[in-house]
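Descriptive analysis of the structure
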Amino acid sequence: MIEIAITDPQYQEKLLLMEILSVVKDPELDLNVVDLGLIYGFSFDVKERKISILMTLSTPACPAGDYIRSAVEMSAAKAFPAFTIAVEITFNPAWSADMISEMGRRELGW
């Protein structure tokens, strides 16, 4: 789970980004990418006006992968129109169901 320190200079922006990404859902599980644990991290480069998002997919062959990546990028771009959005997909570490948040587990009925 991504933690944002209240002392972080971009605290408000990062909190907003988390809220925005919480709206993007995996269409197969109908659970958002944050609670699924697909978002590994992100950074704001205020000087360069760039947001970098590091994320994964449930599998390298995820059939909804392109959709999820595009939805993450478009959602961030809509919330932060003055920034360039860079989404990087990684499979290191590989995603597992252990990465699903407690709230996500409840939503899935686990």
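Quick summary incoming for the structure in this document. (Residues numbered from 1 in each chain as written. Predicted model: local features only at pLDDT ≥ 70, side-chain atom pairs only at ≥ 80, totals over all residues. Heavy atoms only, no water.)

1. Regarding the overall build of the chain
Here is the rule we go by: Helix and strand definitions follow DSSP, with helices as H or I runs of at least four residues and strands as E runs of at least two, each counted in order from the N terminus. Here the globule rule reads 2.2 Å times residues to the power 0.38, and the radius of gyration is calculated from C-alpha atoms. Accessibility here uses a 1.4 Å probe with only protein chains present; expressed as a share of the type maximum, an area under 20% marks a residue as buried, one over 50% as exposed, and anything in between as partly exposed. For the accessible areas, the method is Shrake-Rupley and the probe is 1.4 Å, while residue cover comes only from the protein chains on display. All tallies of charge rest on Lys and Arg as positive and Asp and Glu as negative; His and the ends of each chain are not included. Every charge is mapped to an atom, namely NZ of Lys, CZ of Arg, CG of Asp or CD of Glu.
Summing up its helical and strand segments, the chain has three helices and five strands in all. In sequence order, the secondary structure elements of the chain are arranged as α-β-β-β-β-α-β-α. Taken over the C-alpha trace, the chain has a radius of gyration of 14 Å; the compact-globule value for 110 residues is 13 Å, and the two agree within 12%. In terms of overall dimensions, the chain has a C-alpha envelope of 40 × 30 × 25 Å along the principal axes. When each of the 110 residues of the chain is scored for burial, the buried share is 38%. A total of about 6600 Å² of accessible surface is found on the chain, and carbon and sulfur atoms cover 54% of it. Here the chain contributes 9 positively and 16 negatively charged side chains, and the mean placements of these two sets differ by 5 Å.

2. Here's the deal with the sheet that holds strand 3 (residues 39–45)
For clarity, the cut-off: Should DSSP find at least two bridges between two strands, the strands are taken to pair. Only the contacting stretch of a helix is used when fitting its axis, a line to C-alpha atoms as for every element, and angles between N-to-C directions run 0 to 180 degrees. Throughout, a residue-residue contact means that at least one pair of heavy atoms, one from each residue, lies within 4.5 Å.
Ordered by their spatial adjacency, three strands build an open sheet running 3-4-5, and the pairing between neighbours is mixed. Here the strands that pair on one side only, and so sit at the sheet edges, are strand 3 and strand 5 (84–89). Each adjacent strand pair in this sheet contributes to an overall mean axis angle of 15°, direction not counted. Strand direction decides the pairing type here: strand 4 (residues 50–55) and strand 5, joined by six bridges, are parallel. Note on strand 5: the bridge partner recorded for S52 is A86. Along the sheet, helix 1 (residues 11–21) contacts strand 3 and strand 4; its crossing angle with strand 3, the most-contacted strand, is approximately 140°. Packed on one face of the sheet, helix 2 (residues 65–79) meets strand 3, strand 4 and strand 5 and runs near 155° to strand 5.

3. Considerations on the pairing of strand 4
To keep things clear, this is the line we draw: Convention used here: a crossover is right-handed provided that the path from the first strand, over the helix, to the second strand proceeds clockwise when the strands point away from the viewer.
Across the two faces of strand 4 the burial differs, with I51, I53 and M55 buried and K50, S52 and L54 not buried at all. Between strand 3 and the antiparallel strand that follows it, strand 4, lie four residues; R49 among them carries a positive phi value of about 55°. Where the polypeptide runs from strand 4 across helix 2 and back to strand 5, its parallel neighbour, the crossover connection is right-handed.

4. Some details on helix 2
Three or four residues apart is the spacing at which side chains of an α-helix point the same way, because the helix has 3.6 residues per turn. Note the threshold: One fewer than the residue count of a helix, multiplied by 1.5 Å, yields its expected span. The arc under discussion is defined with respect to the helix axis, by the directions toward the C-beta atoms.
Between its terminal C-alpha atoms helix 2 stretches 21 Å, which fits the 21 Å expected from 15 residues at 1.5 Å a residue. Those residues of helix 2 that sit buried are G65, I68, A71, V72 and A76. Take helix 2 and look down its axis: the buried residues cluster within an arc of 135°, on one side only. Away from the buried face of helix 2 by more than 90 degrees, exposed residues D66, M74 and K78 are located. Close packing links the buried residues of helix 2 with helix 1, strand 1 (25–26), strand 3, strand 4 and strand 5.

Remember that the coordinates give geometry; whether it matters functionally is a separate question.
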